Structure formats: C-alpha cells, structure tokens
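# Residue-level structural notes
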Amino acid sequence: MSQRQRMGNQPMIVLSEESQRTSGKDAQTMNITAGKAVAESVRTTLGPKGMDKMLVDSTGGVVVTNDGVTILKEMDIDHPAANMIVEVSETQEEEVGDGTTTAVVVAGELLDQAEELLDQDIHATTLAQGFRQAAAKAKEILEDEAIEVTEDDRETLTEIAATAMTGKGAESAKDELADLVVDAVLAVADDDGIDTENVSVEKVVGGSIDESELVEGVIVDKERVDENMPYAVQDANVALFDGAIEVQETEIDTEVNVTDPDQLQQFLDQEEKQLREMVDQLVEVGADVVFVDGGIDDMAQHYLAKEGILAVRRAKSDDLKRLARATGGQIVATLEDLEEDDLGFAGSVAQKDIGGDERIFVEDVEQARSVTLILRGGTEHVVDEVERAVDDSLGVVRTTLLEGAVLPGGGAPETELALQLRDFADSVGGREQLAVEAFADALEVIPRTLAENAGLDPIDSLVDLRARHDGGELGAGLDAYTGDVIDMEEEGVVEPLGVKTQAIESATEAAVMILRIDDVIAAGDLKGGGSDDDDDAGAGGPGGAGGMGGMGGMGGMGGAM
C-alpha cells in the first residue's frame, strides 16, 4: 500500500491547536448577533427624548453623553464584526458630523432583517445585491424629495443647527447656540470651502449654557510673557513668528575659552546685541503684538516691554495658523525676513480673565475667517456634552451649505423611503425583491425607535405615519413631545440631505460586508478576552484576526456590552 493511500482518510491539520475557527451558518449568526448588540446599545439614545449613557473607564473617569459615536468609541468592544459597526459611526461623524446613531441603528436592523431571510435559505450574496439596489434607489428618492436651501436662508440654517442639538445636553439653550453656530460657520466659509477646524472651541466651567458667546477672532490660551507689557493693545499690528527670540545656538557643540574679563564682556555684549537687533526688527516694521512659536529670552522680554510690545511665547502652531487666517498676517520663519506687509491687523488684542484663566483675545479683525466659540456650563461634564452637541451642529450646517439641500426630520424620510421602496421591490426580479422589501422594513426602525424612546406606542405611530405618507404628505413626521404626526418642515425640524444619504450608504456597506463573511479564524486562546496573556491573540498577530479576544461564544461581546 502506498503512503498516499495510507494517509488518504486522515484529516489535514492546517491550523494550530490553539486556533479557533467558526464557519458557515455559525459564523454568520455570530457576526450578525454582535452587530445587532452594538446597534441595540445606542438605540435608546435616538431622538429628542433619547436617554444618555454613562461610560466609566478603568481609572474612574466618567463620560456622560447622548452622542452615538462618543459612546461607541469609549466602549471596550473586542468583537471584529462589532467593530465594523463602530466604524460606520466614525465614518458618519467624519463625513457629515451627525447621524451616527441613525447609521448604526439602521445597520443593526438590516442585519436583523437579513437573519430572517438567511433562515429562509436566501443566499447572502443575493441579500447583498438586493440591499445595494435598495440603497441606490433610496439615495435617488431622497435627492428627489430634498428641499433646496442657500446660505442666505438663515432661518433654515438655524433650524438645522437646532435640530442637531435636540436631545443632547445643549438642548436647553439650543436656539441661542444655533445662532452662534450659524454665525461661526458663515464667518469661516470662503472660496476654498468650509473648514470647521477654523472654528475654535473654548470650554469654560461656570455660568449657564445660554451665556456662551462667539468671538470673531482667536482666543489663545497663553499670557503675555512680562508683567510690564501692556494688557491691551488697540489697532494692533500683529507679527507671527515661527521661531524663537533667543540667542542663536550653533548646530554643533562648541567651547569658548576666555582668557580676559573683557573678552567675556564682549561675548555677553554680542548676545545682547543679537537680541536687541531682533527686537529692533519688530519695532522697525511697526509690530505692536508678536506671537512666537518658541521661547523668548529674558533680556528680549525686557526690550519688548520697554518698546510697549505685547509678546506671547510658545503659541501652538494651530493657533498661529488661525491667527494668520483671522488677522491676514503671514507666519515668518526668521525675523530678518519680516516686513510690514507680513503683519496682520486686529482692532483689539487684550489679555482677559475667562473662567479663572488668563487668555489672549484677538478681536475686531476685518474679516473674521477664524472664530472662537466660548462654551459655558455648570460642570465639566455639562460643558463636554455641550461641546459634542455644538460639534455635531457645526458639521450639519457645513454639510447643508456644501450640498444646498435638506430633508424633514422626525422619521419622515425613512417612512417615505419605506413606502416607495416597497413599490420599487415589485419591479425587482428574483429573490433580490425580498431583500429590497427587507431593506424598506429596516428603515422603519427609525420612526419606530423615536416613538419607543418617547414613550409612545410604536405600532400606532407607524400606522399613522404610513397613512399620512400614503396620502402624499412627504414631510409628515412624529412629534416626540405630543405624539402627533405633524408637518416637520413647517415645525422647523430639518436635517441635511447628506446626513441621511451617508447614513444609508455606510449602514448598507457595513451590513453587506458582515453578511458576506462565512468563516472566522482566530489564533490563540479566545476564552479570556482581556488578560495580558491574550494580548497577542487579540491584537492582530499571527493569524490576522485582530481584536477577536472577546468572541467567546455566539456573538459574545467579551463583556463589553
């Protein structure tokens, strides 16, 4: 008997004994369960009556938030399929700034609907094809139903900003904050687009949220370097220096041998002369204020104070860029190159107390292309949540201005999509038709969740919404406060088109990716999930299934959920 015949009935061992492999139906079920668990964890935060989550880390740090992406980022999630759903929220946040919870909840519901069809022996690739067709059609429908808006339509922009804050910690002062947000975004908009990085946010613990304000200029978290310098300078010419006002050092280590006291004095005089020349250069070009990236020598500080120049050292490079944008100045690398044309202008540069800290305010600039929002709140947790709400609001106003289109809120777009997609399903051949219908059902999770979170009967609410949309009322949405179905556009509850289209695209892609997985292979001991010994197994080492330490059982989330 040949060796090949003797080995013919023996299994070929490819993986190590420590490896774990889940295949076929078990792998799909495990991944779907994990994805649904993530969606379920943030579902109760959706809408104006959504609840908050308290996240506590291992050191006792506490985050209290309603923001979907913050919750998912802070959660200790190990399961790889669950992390795919977390990526949906991160993509949503980066692209459009809001709608993270919507995207995750829709992704979870798509997986739930897909699970039922898989049980009916519909193949995963058929589901994927149907979901993609439905997502493409949904985007088409939303674009047709969208309402045009321009930057001159301030009322709509303010409504969009306020809607993004609804249900979050900033809701009590959302009207005041919405005005500030719109002012800020319009101020930084230019021909190159809208970069919300030019809207700096300063948090101040103390006072109430409605005392927040917008400074048309830049606030630098520094103080003047010398007490003898002026506290405030009016009509200031501002120099921005990416260097240090210090004695120049040689590139290599050097040693100077002095044999005579006069030589030492000459050496010191030369250093002093160097510093004096640097200050003279600032005086010569007419600078009243100078922001320096590096340090400022004590002697130079003295000379600057003597000349009445307000100087700030070790300013962050981001602050220098914002100052350049706000004042119209140029950042120079060497003071010898500094010319009058490089100076920026500000009507006022002053050191002021804010929340017990001294900071430099650069205000009254001709074109405030860089602005600062000062956010106040009673406690640190309150201010942090207000900042997250404002950050979302800045994102949606920016998205609206770039796209020029909005949709009604309150579950209206999802209800309309579900209605039209069911009609569209009739024109789709094959088993993909079932996937399109499942997609339509999945979208209704949004109005259903809004009703549940508001303490309303989800079935009654959904039936009312469907009836109104069937009658041609495209803007009919759910008022979470009264339980009535009203016209959301008239009520001023609107959100950008981009938020909805991005949420549907991201959720579909994530769901399809998870559904197409039929084999999960992990190396190492997967039972521990969090011990130091398991770091290699869960960190994408040999075996390449990073972060799988918490997979443990069917869709187990390693205790993180």
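Structure: above.
Below is a short write-up of the structure. Counting of residues starts from 1 at the beginning of each chain's written sequence and follows it residue by residue. pLDDT decides what is reported in this predicted model: residues at 70 or higher carry local features, side-chain atom pairs at 80 or more are listed and counted, and totals for whole chains, interfaces and linings draw on all residues regardless. In computing side-chain values, all of the structure's heavy atoms are included and hydrogens and water are not.

### As for the nonpolar core
For clarity, the threshold we go by: In plain words, nonpolar cores are sets of buried Ala, Val, Leu, Ile, Met, Phe, Trp, Tyr and Cys residues tied together by side-chain atoms within 4.5 Å. For every residue, the accessible area (1.4 Å probe, protein chains only) is compared with the maximum for its type, and the residue is labelled buried under 20%, exposed over 50%, or partly exposed between those bounds. Numbering of helices and strands starts at the N terminus; helices are DSSP runs of H or I of at least 4 residues and strands are runs of E of at least 2. Contacts are assigned to residue pairs that have any heavy atoms within 4.5 Å of one another.
With 70 residues, the main nonpolar core has Phe131, Leu421 and Phe439 as its most contacted residues. Looking at this core, the element that brings in the most residues is helix α5 (residues 100-119), giving ten residues. Residues within four places of Phe131 in sequence aside, it is in contact with Leu110, Ala114, Ala435, Ala438, Phe439, Thr508, Val512 and Leu515. In this structure, Ala164, Val182, Val397 and Leu401 belong to the second largest nonpolar core, which totals 56 residues.

### Some words on the sheet that holds strand β14 (residues 371-377)
This is how the line gets drawn: Being paired, for any two strands, means DSSP has found at least two bridges between them. In this analysis an axis means a line fitted to C-alpha atoms, helices contributing only their contacting stretch, and an angle means the value between N-to-C directions, from 0 to 180 degrees.
Strand order in this open sheet of three strands is β5-β14-β6, and the pairing throughout is mixed. Either end of the sheet is taken by a strand with one partner, and the two such strands are β5 (199-205) and β6 (213-215). Strand-to-strand twist in this sheet, taken as the mean axis angle between neighbours without regard to direction, amounts to 25°. Pairing between β6 and β14: three bridges, direction antiparallel. For Val215, the partnering residue across the bridge sits in β14 and is Thr372. Against the sheet, helix α8 (residues 174-188) engages β5, β6 and β14, with an angle of about 160° to β14.

### Some points on the layout of surface pockets
Using the following cut-off: Cavities and pockets were defined on a 1 Å grid built from protein atoms only: a cavity is a group of points that admits a 1.4 Å probe but offers it no way out, a pocket is an open group of points flanked by protein on both sides within 12 Å along at least five of seven lines, and a lining residue is one with an atom within 4 Å of any such point. Grid points are joined across faces, edges and corners, and a volume is the space filled by probe spheres set on the points. Residue polarity follows a fixed list, in which Ala, Val, Leu, Ile, Met, Phe, Trp, Tyr, Cys and Pro are nonpolar, Asp, Glu, Lys and Arg are charged, and the others, Gly among them, are polar. Here the bounds of each domain stem from an automatic or database domain assignment.
The space that makes up the largest pocket amounts to roughly 810 Å³. For the lining of the largest pocket, the leading source of residues is helix α7 (residues 154-165), giving six residues. Looking at side-chain class alone, the lining of the largest pocket contains 17 nonpolar, 15 polar and eleven charged residues. Taken domain by domain, the lining of the largest pocket gets at least three of its residues from each of domain 1 (20-148 + 408-516) and domain 2 (154-214 + 386-403). In terms of lining residues, the second largest pocket is bounded by 24 residues, among which Glu93, Thr196, Glu197, Asp391 and Leu394 are the most central. Top element by residues in the lining of the second largest pocket is helix α12 (residues 380-403). It accounts for seven residues.

### What to know about the packing of aromatic side chains
Note the cut-off: When two rings of Phe, Tyr or Trp (its six-membered ring) have centres within 6.5 Å they constitute a pair, described as stacked for plane angles under 30 degrees, edge-to-face for angles over 60, and tilted for the intermediate range. As a reminder, the over-ring test applies to NZ of lysine and CZ of arginine, requiring each to be within 6 Å of the ring centre and within 35 degrees of the ring normal.
Under the counting rule described, the total for this entry stands at one aromatic pair. Positioned over the ring face of Tyr231 is Arg224, at 3.8 Å from the centre of the ring. Above the ring of Tyr303, the side-chain terminus of Arg276 is found at 4.6 Å from the ring centroid.

### Focus: the pattern of salt bridges
Heads up, the rule is: Any carboxyl oxygen of Asp or Glu within 4 Å of a side-chain nitrogen of Lys or Arg constitutes a salt bridge here.
Taken as a whole and assessed by the stated rule, the structure comprises 28 salt bridges. In this structure, the salt-bridge partner of Asp190 is Arg325, at a minimum N-O distance of 2.7 Å. With Asp190 in the loop between α8 and β5 and Arg325 in helix α11 (residues 317-327), this residue pair connects regions lying 135 residues apart in the sequence. Accessibility expressed as a relative area gives 24% for Asp190, which makes it partly exposed. Arg325 gets classed as buried once you look at its relative accessible area, which sits at 17%. Residues Arg388 and Glu385 are paired through a salt bridge, measuring 2.9 Å at the closest nitrogen-oxygen approach.

### Considerations on the environment of Pro408
You can see Pro408 is positioned in strand β15 (residues 405-408). What makes Pro408 buried here is its relative accessible area of 8%. In this structure, the C-alpha to C-alpha distance between Pro408 and Gly475, residues 67 residues apart in sequence, is 5.7 Å. Not counting the four nearest positions on each side in its chain, Pro408 is found in contact with Ile147, Pro413, Leu474, Gly475, Met488, Glu489, Val493, Val494 and Glu495.

### Thoughts on unusual backbone geometry
Notably, Asp121 is not glycine yet its phi reads approximately 65°, a positive angle. For Asp121, the position within the fold is in the loop between α5 and α6 (124-145). Positioned with a positive phi, Arg314 is a non-glycine residue whose angle comes to about 50°.

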